[in-house]
Protein chains: 4
Amino acid sequence: MCRWKAWHGQPVVMEELLFKTKHGLIDQSLHSKLGAETTNGDGNGVGWYGSGEGPGVYRSISPGWADTNLRHIAAHIETPLFLAHVRASSGTAVQQSNCHPFSHGKWLFVHNGLVNQFHAVRRDLMLALDAQSVGDIEGSADSEVLFHLALGFGLEDDPVGALERVVGFVEQTLRGKAIEPAVQASIGVSDGERLWAVRYSTEGRSRTLFRSRDVETIKRLHPDDERIERLLDSDRIVVSEPFSDLPGDWHEIPEATALTIAPGGAWETRPFAPRP
Amino acid sequence: MCRWKAWHGQPVVMEELLFKTKHGLIDQSLHSKLGAETTNGDGNGVGWYGSGEGPGVYRSISPGWADTNLRHIAAHIETPLFLAHVRASSGTAVQQSNCHPFSHGKWLFVHNGLVNQFHAVRRDLMLALDAQSVGDIEGSADSEVLFHLALGFGLEDDPVGALERVVGFVEQTLRGKAIEPAVQASIGVSDGERLWAVRYSTEGRSRTLFRSRDVETIKRLHPDDERIERLLDSDRIVVSEPFSDLPGDWHEIPEATALTIAPGGAWETRPFAPRP
Amino acid sequence: MCRWKAWHGQPVVMEELLFKTKHGLIDQSLHSKLGAETTNGDGNGVGWYGSGEGPGVYRSISPGWADTNLRHIAAHIETPLFLAHVRASSGTAVQQSNCHPFSHGKWLFVHNGLVNQFHAVRRDLMLALDAQSVGDIEGSADSEVLFHLALGFGLEDDPVGALERVVGFVEQTLRGKAIEPAVQASIGVSDGERLWAVRYSTEGRSRTLFRSRDVETIKRLHPDDERIERLLDSDRIVVSEPFSDLPGDWHEIPEATALTIAPGGAWETRPFAPRP
Amino acid sequence: MCRWKAWHGQPVVMEELLFKTKHGLIDQSLHSKLGAETTNGDGNGVGWYGSGEGPGVYRSISPGWADTNLRHIAAHIETPLFLAHVRASSGTAVQQSNCHPFSHGKWLFVHNGLVNQFHAVRRDLMLALDAQSVGDIEGSADSEVLFHLALGFGLEDDPVGALERVVGFVEQTLRGKAIEPAVQASIGVSDGERLWAVRYSTEGRSRTLFRSRDVETIKRLHPDDERIERLLDSDRIVVSEPFSDLPGDWHEIPEATALTIAPGGAWETRPFAPRP
């Protein structure tokens, strides 16, 4: 159910990470190895920070592997911070408004996972949204509702805390309807400066999520790789699934964990504890 | 804000009415004369009854004039009852799930008009929907919410009554927020046997809507027209805007009126009186 | 490189064969077992005979599994003869005009396979087309050029002979450029009455192609299957890949063979022998 | 038949010229005043120079007015040189590969106009292309063939000369078939440093084309306009149709004229004289 990746570091042309790595994200759209599905062909999207106000977003129902616009955009936009996503629908329509990243003001949001039996609980979840958010919702995806819940629960002040409250609220709501397990949630969020990544699932068997190891180690592992040579100590990558040409360069983010990456590349993790 | 047409009568290949008349619906997608906008290029759709369970529906974000699939489908599906629509968005996204006709079970629904300041009142309107309807909503259009309200307010038992209750509810809701006028609603509905058409607006200046005159009169007006020769006394057409090659063949449906066409072509009108 | 199927027999609603069988064509779009690729997500299409002049055609860049229009059309069009196709591009663009079936007058054409190094030889192959055909070509696929070559080489008079001349011409052209092997060609053709299927490849290792066994045998194998009970002795199916819920019901069409199915279901095979 | 614009000057966010001016290009997609058609809804595209190798290109079949991806890209890409286009088909399919700009290596190409009776002469024109160009052609538009002819006739060495030879060749070819008039050609070309614009038609009644006046004059005309205050003396704009909020700021490019804009903004015109 989807794969995503994020870059936080020096400015790069996005294709470096989307198309030019072995088993990069776009390859994963066709041949995912660790995902719940092999094919993530129900749309794609990228959101990036740079010129203009807030993030730029490109979303399309084309499978990532076949999208010439994505290929061009990725090859011609340079950015220090971006999130990319390939979608495998968990049942909702294949339409642009269901594609990730979702955006609001300066915020971007990607999600791999699902709200269990979302069709049955969508009304209960949307009741917690205000008029502005309900008016803003364009599609039918669970992820879009999660994002608007997060905005309403304080994403802009305390991202991890807001996501804990969202997941707690969803778990409580579904428990009230005897729907188990409630949530699968590998989530990426950014405000253009920091990057947050969450790995969590109610059942404790979450979709995979990895962060890149420290650059010094990566360089030691690949002493003659010209592209890796260019990495700075402050560069950080988060991925649903590692690039296969960089074995050994990844730390699996543990279950129920939130990762924060700050400007300069400093990172910290903390337990992710949903609370209603 | 959209144009639509409906056919109720002998089986016809849809293109006869969509492409082969002068100023037919697809021409109106590019050159509407009576609509609020000249261009209705924000998607198109047809729903028809015939083979299979319930109606078939084709919807696309392509402008009607450019859609080769629409052209093919219209030329190769024969049906005794269909509704067709070309869309001009009143602000919501151009996406397939916002295109008409909307369908549910055996019901089809098309709408030309709008709910005023829909973004601000969407939440209030959706509160009147049950979990099933909220789960079914795929897009962001006011028309889709109107359709689901109608289903919840008894469309399947009393279509005109249900639409009166929907419009009354919307007017009441918007009045509570000091939004005036509330609704423009030229609506077409069918269950595969009967066809209902409503012309109404809160301000009393509704989008145009016409029904074809009795076939005997039409034939008298066009004594040598081969295609008109084929019309049966029971054939009925409802259109937002008349075909220009059939002048004199149309009755304007009055303000605040509901039209019902029964199998066999019998029709009756009654006042359309919204009530909260 | 694509999967296709054809039905020739009593009128059926297309979804019976596209969606309602186990491992039917749409399932093969996501999980092909015998194809050169697992995923056939680069578009889909159906062409059918029935109402209107010549065949109706629906083609879309959406993956078959995600296409609600395809689902609706398949569920609401009843036809005695149709061809359906899911595409995996061999390099050319994902666009509607590259999707199958291709059509001209009353003819439909689907192709699974490729012309080797098509980019390099497209000019040489198009030189054999007349002005009308070159003007008609809308896309960039090898299959579209093969179809127009076949039209120019006599498809309408002698379909199998024309295809033999096309393949012979392509083999000769590529041999002149030292491109080996030349062609993979599992091809389906119809004029609305008869259905032709060809299995051929220059290297003698062709994509799979199967025809259904005689209906009597199928019924004996599935004595209690209600849907199979409805089959008539004259019903025929041709598929790139068998439906998995009908094991034992298929004859593999041999290498270098052309199959003709006539009205009434009579079929015959003959060797397929390309000649320049 | 299409509208286009080009910017050559200081880096700007593209939306400044596409969305933020009165009667800018995207408004012209819906309400063209000087074009052969009012509606230019058959697709849109932008090509820009900046990060990455050669130009980035975004093309879509969505009408410009409805394309959220275009809006985002325009708002978040800053570039010193771009070409944008909204399309009104002169008969060929609405598909991404028929949308402008066309690109090859570092070259971008937009075209407003048509080759008369293109369907009948496409083969004759394509005969002048080499195998590489024929293989590269993805769509069915006359403009794409003109671009590849120009590449073959020396665009990269002498852009205006090559376009003169292309137009001469087309005129000669069509004259040989007694097709008159041959060509309408308002063309924009860039290699990322210079910008060329041509206004020509065989009949001497060409589509409109304008260049911006010298910046000093524009500033004198709009003494208090903050956005105009930011213009540099070297900034240049070429448009099919002037922005209505800048009256008096435009020079019409004369019939049969080629304009060249060099780095630094120096411009010169010369007669455009097709020769076979």
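By convention here, each chain's residues receive numbers from 1 onward along its written sequence. To read the labels, note that chains go from A and ligands from 1, taken in the order they are written. Selection of residues for local features in this predicted model requires a pLDDT of at least 70, selection of side-chain atom pairs for listing and counting requires 80 or more, and totals for whole chains, interfaces and linings are taken over all residues. Only hydrogens and water are set aside when side-chain values are computed; all heavy atoms of the structure are taken into account.

## A few points about the overall build of chain A
Move 1: Tallying secondary structure elements over chain A gives nine helices and 13 strands in all.
Move 2: Throughout, the radius of gyration refers to the C-alpha atoms, and the reference size of a globule is 2.2 Å times the residue count to the power 0.38. At 17 Å, chain A has a C-alpha radius of gyration in line with the 19 Å of a compact globule built from 276 residues.
Move 3: Along the first, second and third principal axes, the C-alpha atoms of chain A reach 55 × 35 × 35 Å.
Move 4: Within the span of chain A, comprising 276 residues, buried residues form 62% of the whole.
Move 5: Pairs of residues are marked as contacts when any of their non-hydrogen atoms sit within 4.5 Å. For chain A, the share of sequence-separated contacts (at least 6 apart) that also reach a separation of at least 24 residues comes to 69%.
Move 6: Per element, the accessible surface of chain A, about 9800 Å² overall, is 48% carbon and sulfur. Strands are runs of DSSP state E lasting at least two residues, helices are runs of H or I lasting at least four, and both sets are numbered from the N terminus onward. Under the scheme applied here, a residue whose accessible area is under 20% of the maximum for its type counts as buried, over 50% as exposed, and between as partly exposed, the area being computed with a 1.4 Å probe on protein chains only. Here, Shrake-Rupley sampling with a 1.4 Å probe gives the accessible areas, and only protein chains in the shown set may cover a residue.

## A few points about the sheet that holds strand S12 (residues 257–261) of chain A
Residue and element names in this part refer to chain A.
Move 1: In short, DSSP must find at least two bridges between two strands for them to pair. Read from one edge to the other, the open sheet built from six strands follows the order S5-S6-S7-S8-S12-S13, with strand pairing classed as antiparallel. Only two strands of the sheet have a single neighbouring strand rather than two, namely strand S5 (102–104) and strand S13 (267–271). Neighbour-to-neighbour, the strand axes of this sheet turn through a mean angle of 15°, independent of strand direction.
Move 2: Two elements, S12 and S13, share five bridges in a ladder whose sense is antiparallel. Within the sheet, the bridge partner assigned to Ile261 lies in S13 and is Trp267.
Move 3: Think of each axis as a best-fit line through the C-alpha atoms, taken over the contacting stretch in the case of a helix, with angles from 0 to 180 degrees between the N-to-C directions. Strands S5 and strand S6 (107–115) of the sheet are contacted by helix H6 (residues 142–152), whose axis makes an angle of about 125° with S6.

## Looking at the relation of the copies chain D and chain A
Move 1: With an RMSD of 0.0 Å, the operation that places chain D on chain A is a rotation of 180° combined with a shift of 0.0 Å along the axis. As the rotation angle and translation indicate, the two copies are arranged about a two-fold axis. Nearest to the rotation axis, the C-alpha of Ile77 of chain D is located 3.8 Å from it, this being the minimum over chain D.
Move 2: Both copies present the same face, since 100% of the interface residues in chain D are matched by interface residues at the equivalent positions in chain A. Copies are brought into register by a least-squares superposition over C-alpha atoms of residues with pLDDT of at least 70 in both.

## A few points about the interface of chain D and chain A
How big an interface is tends to be reported as the loss of accessible area on association of its parts.
Move 1: Taken together, the contact pairs 20 residues of chain D with 20 residues of chain A.
Move 2: In this description, buried area is defined as the sum, over both parts, of the accessible area (probe of 1.4 Å) that is lost when the two are combined. Contact between chain D and chain A buries roughly 1500 Å² in total, counting both sides, with carbon and sulfur atoms accounting for 48%.
Move 3: By the criterion of area lost to chain A, the three top residues of chain D are Ser51, Asn69 and His76 of chain D, representing 37% of everything that side buries.
Move 4: The working definition used for a salt bridge is a side-chain nitrogen of Lys or Arg within 4 Å of a carboxyl oxygen of Asp or Glu. For the pair chain D and chain A, the interface holds zero salt bridges.
Move 5: Pairs of N or O atoms are called polar contacts if they sit within 3.5 Å, as long as, within protein, a hydrogen donor faces a hydrogen acceptor (for residues adjacent in sequence, only side-chain-to-side-chain pairs). There are twelve residue pairs in polar contact (both at pLDDT 80 or more) connecting chain D and chain A.
Move 6: For the side of chain D that touches chain A, the element with the most residues is helix H3 (residues 68–76) of chain D, which contributes six residues.

## Quick word on helix H4 (residues 118–126) of chain B
Move 1: Among all positions of H4 of chain B, only Phe118, Val121, Arg122, Arg123, Leu125 and Met126 of chain B are buried.
Move 2: In this structure, the buried residues of H4 of chain B make contact with helix H4 (118–126) and helix H5 (131–136) of chain A together with strand S6 (107–115), helix H5 (131–136), helix H6 (142–152) and helix H7 (159–175) of chain B.

## Here's the deal with the packing of aromatic side chains
Aromatic rings in a pair are described by how distant their centres are and how their planes are angled relative to each other.
Move 1: The rule is short: rings of Phe, Tyr and Trp, with Trp giving its six-membered ring, pair when the centres are within 6.5 Å, and they are stacked under 30 degrees, edge-to-face over 60, tilted in between. One pass over the full model with this rule turns up 18 aromatic pairs over all chains.
Move 2: Ring centres of Tyr200 of chain A and Phe272 of chain A lie 5.4 Å apart, and the angle between their planes is 50°; this geometry places the pair in the tilted category. Here Tyr200 of chain A is found in strand S8 (residues 195–201), whereas its partner Phe272 of chain A is found in the segment after S13, with 72 residues between them in sequence. Assigned by exposure class, Tyr200 of chain A and Phe272 of chain A land together as buried.
Move 3: Placement of a charge over a ring requires the Lys NZ or Arg CZ to be within 6 Å of the ring centre, with the centre-to-atom vector within 35 degrees of the ring normal. Positioned over the ring face of Trp267 of chain B is Arg211 of chain B, at 3.6 Å from the centre of the ring.

## Thoughts on the interface of chain B and chain A
Move 1: Counting residues at the interface gives 20 residues for chain B, matched by 20 residues for chain A.
Move 2: Summed over both partners, the interface of chain B with chain A buries about 1600 Å², with 49% contributed by carbon and sulfur atoms.
Move 3: The interface formed by chain B and chain A includes zero salt bridges.
Move 4: Taken together, the residues that form the side of chain B that touches chain A break down as eight nonpolar, seven polar and five charged. Lys, Arg, Asp and Glu make up the charged group, whereas Ala, Val, Leu, Ile, Met, Phe, Trp, Tyr, Cys and Pro make up the nonpolar group; the residues left over, Gly among them, are polar.

## Brief notes about the packing of helix H4 (residues 118–126) of chain C against helix H7 (residues 159–176) of chain C
Residues and elements named next belong to chain C.
Move 1: Running from N to C, H4 and H7 cross one another at 125°; their axes reach a closest spacing of 10 Å. Between H4 and H7, the interaxial angle falls into the category oblique. Taken as a pair, H4 and H7 cross one another with a handedness that is right-handed. In this structure, H4 uses Val121, Asp124 and Leu125 to contact H7, whose residues at the interface are Phe169, Val170, Thr173 and Leu174. These descriptions rest on fixed angle ranges, namely under 35 degrees for roughly parallel, over 145 for roughly antiparallel, 65 to 115 for roughly perpendicular, and the rest for oblique. Throughout, a crossing is termed right-handed when the near helix is turned clockwise from the far one, and left-handed when it is turned anticlockwise from it by less than a right angle.

## Description of helix H6 (residues 142–152) of chain C
Residue and element names in this part refer to chain C.
Move 1: Most of H6 is tucked away: ten of the eleven residues are buried.
Move 2: Taken residue by residue, H6 has Asp142, Ser143, Glu144, Val145, Leu146, Phe147, His148, Leu149, Ala150 and Leu151 as its buried positions.
Move 3: Check the buried side of H6 and you find it contacts strand S5 (102–104), strand S6 (107–115), H4, helix H5 (131–136) and H7.
Move 4: Looking at the residues trailing H6, positive phi occurs at Gly154, about 105°.

## Things to note about the state of the cysteines
Two cysteines joined by a covalent bond between their sulfur atoms form a disulfide.
All names here are of chain C.
Move 1: The term disulfide is used for any two cysteine sulfur atoms that are within 2.5 Å. Following the criterion strictly, the structure yields zero disulfides over all chains and no others.
Move 2: Note on Cys99: no disulfide assigned, nearest cysteine sulfur contributed by Cys2 at a separation of 9.3 Å.
Move 3: Judged by its relative accessible area of 0%, Cys99 falls in the buried class.

## Describing the sheet that holds strand S13 (residues 267–271) of chain C
Residues and elements named next belong to chain C.
Move 1: The six strands are arranged S5-S6-S7-S8-S12-S13 in an open sheet whose pairing can be described as antiparallel. Both outer strands of the open sheet, S5 and S13, are each paired with one neighbouring strand and no more. Ignoring strand direction, the axes of neighbouring strands in this sheet form an average angle of 15°.
Move 2: Examined bridge by bridge, strand S8 (residues 195–201) and strand S12 (residues 257–261) share five bridges and lie antiparallel to one another. Pairing of Trp196 across the sheet is with Thr260, part of S12.
Move 3: Packing of H6 onto the sheet brings it into contact with S5 and S6, and relative to S6 it is tilted by some 125°.
Move 4: With respect to the sheet, H7 is in contact with S6, strand S7 (183–190), S8, S12 and S13, its orientation differing from that of S8 by roughly 25°.

## Observations regarding the side chain of Arg236 of chain D
Residue and element names in this part refer to chain D.
Move 1: With respect to the secondary-structure elements, Arg236 resides in strand S10 (residues 236–239).
Move 2: Notably, Arg236 is buried but unbridged: the nearest opposite-charge side chain belongs to Asp235, and the N-O separation is 6.9 Å.
Move 3: Here Gly265 takes part through its backbone oxygen, which lies 2.8 Å from a polar atom of the side chain of Arg236.
Move 4: Not counting the four nearest positions on each side in its chain, Arg236 is found in contact with Ala6, Trp7, His8, Ser212, Val215, Ile261, Gly265 and Trp267. Under the convention used here, Asp and Glu are negative, Lys and Arg are positive, and both His and the chain ends fall outside the count.

## Considerations on the side chain of Asp42 of chain A
Residues and elements named next belong to chain A.
Move 1: Checked against the element boundaries, Asp42 lands in the loop between helix H2 (25–31) and strand S2 (44–48).
Move 2: For the buried Asp42, no salt bridge exists, and the shortest N-O distance to an oppositely charged side chain is 5.7 Å, to Arg87.
Move 3: A polar contact is formed between the side chain of Asp42 and the backbone nitrogen of Ser89, at a distance of 2.8 Å.

## Comments concerning the confidence of the model for chain A
Move 1: For every residue, the predictor states its confidence as a pLDDT score lying anywhere from 0 to 100. Considering every residue of chain A, the mean pLDDT works out to 92; 99% of them sit at 70 or more.
Move 2: With pTM at 0.94, the complex prediction returns an ipTM value of 0.92.

## Describing the relation of the copies chain B and chain A
Move 1: Between chain B and chain A, the superposition needs a rotation of 180° and an axial shift of 0.0 Å, giving an RMSD of 0.0 Å.
Move 2: In this assembly, 100% of the residues forming the interface of chain B have copies in chain A that are likewise at the interface, indicating an isologous arrangement.

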